[in-house]
Amino acid sequence: MRIVVLAGGIGGARFLRGLKQAVPDADITVIGNTGDDIHLFGLKVCPDLDTVMYTLGGGINEEQGWGRADETFHLKEELAAYGVGPEWFGLGDRDFATHIVRTQMISAGYPLSAVTEALCDRWQPGVRLIPMSDDRVETHVAVTLPDSGSAAGSGERKVIHFQEYWVRLRASVPAEAIVPVGAEQAKPAPGVLEAIAAADVILFPPSNPVVSVGTILAVPGIREAIAEAGVPAVGLSPIVGDAPVRGMADKVLAAVGVESTAAAVAEHYGSGLLDGWLVDTVDAGSVEQVESAGIRCKAVPLMMTDLDATAAMAREALALAEEVRGS
């Protein structure tokens, strides 16, 4: 079975681990979000690609879901002592090594897709990990930063990198617009469209639908390839009980005019893209609404409490795909 998964960071990576357990013999291609990429200290950092690579390769910090296990931060502390920032983005010493290797290879002329393949040679994630594009795409967020002593929404309006919004500000101010800078001019990385065309199933894991999966779909050609693939495309809701399972997806959903509900996210993707949608059992009441939008829907447990629970979610997604195929 050939499976293509569009993956963001922590949610996508943990779902992939369950998918691998559910179908160990499957040929899995992961199209990774690069809209979160950022240049820091002269290095190219790819948070979502690395989270998938570390998680599936056994090097992730399990407690926080990102970064390396057994990490130290001596380099970050030394940079801070020199007054070099930003201090709000915590790169660890082991993690720095990955970014140094990536940046050196890119400087030598290798595209990001080739660099990612080389990095995966070390980690052996058991999937083929491809960045959505070799071109530079960065997700930016329009916000209004309140002046000191002023009411919220009355200060300076500016556009900042998504990492600054998510990590430094912790989404503490409303996101007014989400802008995938460079996406319109980007091209899918080599292998992306080919993997979609050859897939038996396409899965949208419980990743952020706006800044993870949504940014991947913003690259011209990818959304169209999925819609035209002629195979079931099934998604798993990242919203359970009208709230994100993890993170602050509701903040960026509001910026694109989408309610923070399982049904609204399904409708946001649309029946032209999705064939099936899984919601959590607490949202069983939304099944009818989703199906009225032309998307087959089923309510199952969607909390990734452990590997077995995640594998069960993956099996439900594949089972729904087969129902769609047989209808």
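Structure: above.
What counts as what
- Residues numbered from 1 in each chain as written.
- Predicted model: local features only at pLDDT ≥ 70, side-chain atom pairs only at ≥ 80, totals over all residues.
- Heavy atoms only, no water.
- Pairing = 2+ DSSP bridges.
- Helix = DSSP H or I, 4+ residues; strand = E, 2+ residues; numbered from the N terminus.
- Right-handed = clockwise from strand over helix to strand, strands pointing away.
- Phe/Tyr/Trp six-rings, centres within 6.5 Å; stacked < 30°, edge-to-face > 60°.
- Buried < 20%, exposed > 50% of the residue type's maximum accessible area, 1.4 Å probe, protein only.
- Lys NZ or Arg CZ within 6 Å of the ring centre and 35° of its normal.
- Axes fitted to C-alpha atoms, helices over the stretch in contact; angles between N-to-C directions.
- Contact = heavy atoms within 4.5 Å.
- Expected span 1.5 Å × (residues − 1).

Pairing geometry for strand β13 (residues 276-279) and strand β14 (residues 296-299), over four bridges, is parallel. Bridge pairing links V279 to A299 in β14. Considered for its hand, the β-α-β crossover made up of β13, helix α12 (residues 287-292) and β14 is right-handed.

So, on to the packing of aromatic side chains. As enumerated under the stated definition, the model contains seven aromatic pairs in all. Ring geometry for Y54 against W123: centres 5.2 Å apart, planes inclined by 65°, an arrangement best described as edge-to-face. In this pair, Y54 sits in helix α2 (residues 47-57) while W123 sits in helix α5 (residues 112-123), placing the two residues 69 residues apart along the sequence. On the basis of relative accessible area, Y54 is assigned to the buried category, the value being 2%. Accessibility expressed as a relative area gives 10% for W123, which makes it buried. With a centroid separation of 5.8 Å and 65° between ring planes, the pair formed by Y269 and W277 is classed as edge-to-face. Y269 gets classed as buried once you look at its relative accessible area, which sits at 6%. Clustering of aromatic rings is evident, with ring pairs tying together F162, Y165 and W166. A cation sits over an aromatic face here: R68 above Y54, 5.5 Å from the ring centre.

With respect to topology, seven strands assemble into an open sheet ordered β5-β2-β1-β9-β10-β13-β14, the strand pairing being parallel. Both edges of this open sheet fall to β5 (128-131) and β14, since each of them pairs with a single strand only. The average angle at which neighbouring strand axes cross in this sheet is 20°, direction not considered. Looking at chain direction, strand β1 (residues 2-7) and strand β2 (residues 27-32) are connected through six bridges and run parallel. Considered in β2, the bridge of V5 is made with V30. In the packing of helix α13 (residues 307-326) onto the sheet, contacts are made with β1, β9 (201-204), β10 (233-236), β13 and β14, and the angle to β13 comes to roughly 145°.

Given a rise of 1.5 Å per residue, 15 residues ought to cover 21 Å, and the 21 Å separating the end C-alpha atoms of helix α4 (residues 93-107) matches this to within 8%. Buried residues of α4: D95, F96, T98, H99, R102, T103 and M105, and no others. Buried positions along α4 lie against β4 (43-45), α2, α3 (74-81) and α5. At the exit of α4 stands G109, carrying a positive phi of roughly 105°.

Before going further, it helps to spend a moment on unusual backbone geometry. In this structure, the amide linkage connecting G85 to the following residue, P86, adopts the cis form with an omega of 10°. You can see P86 is positioned in the loop between α3 and α4. Notably, D70 is not glycine yet its phi reads approximately 55°, a positive angle. Mapped onto the elements of the fold, D70 is located in the loop between α2 and α3. The phi dihedral of R170 falls on the positive side, at around 55°, and the residue is not glycine. Among the secondary structure elements, R170 is positioned in the loop between α6 (162-168) and β8 (177-181). The class of R170 is exposed, set by a relative accessible area of 54%.

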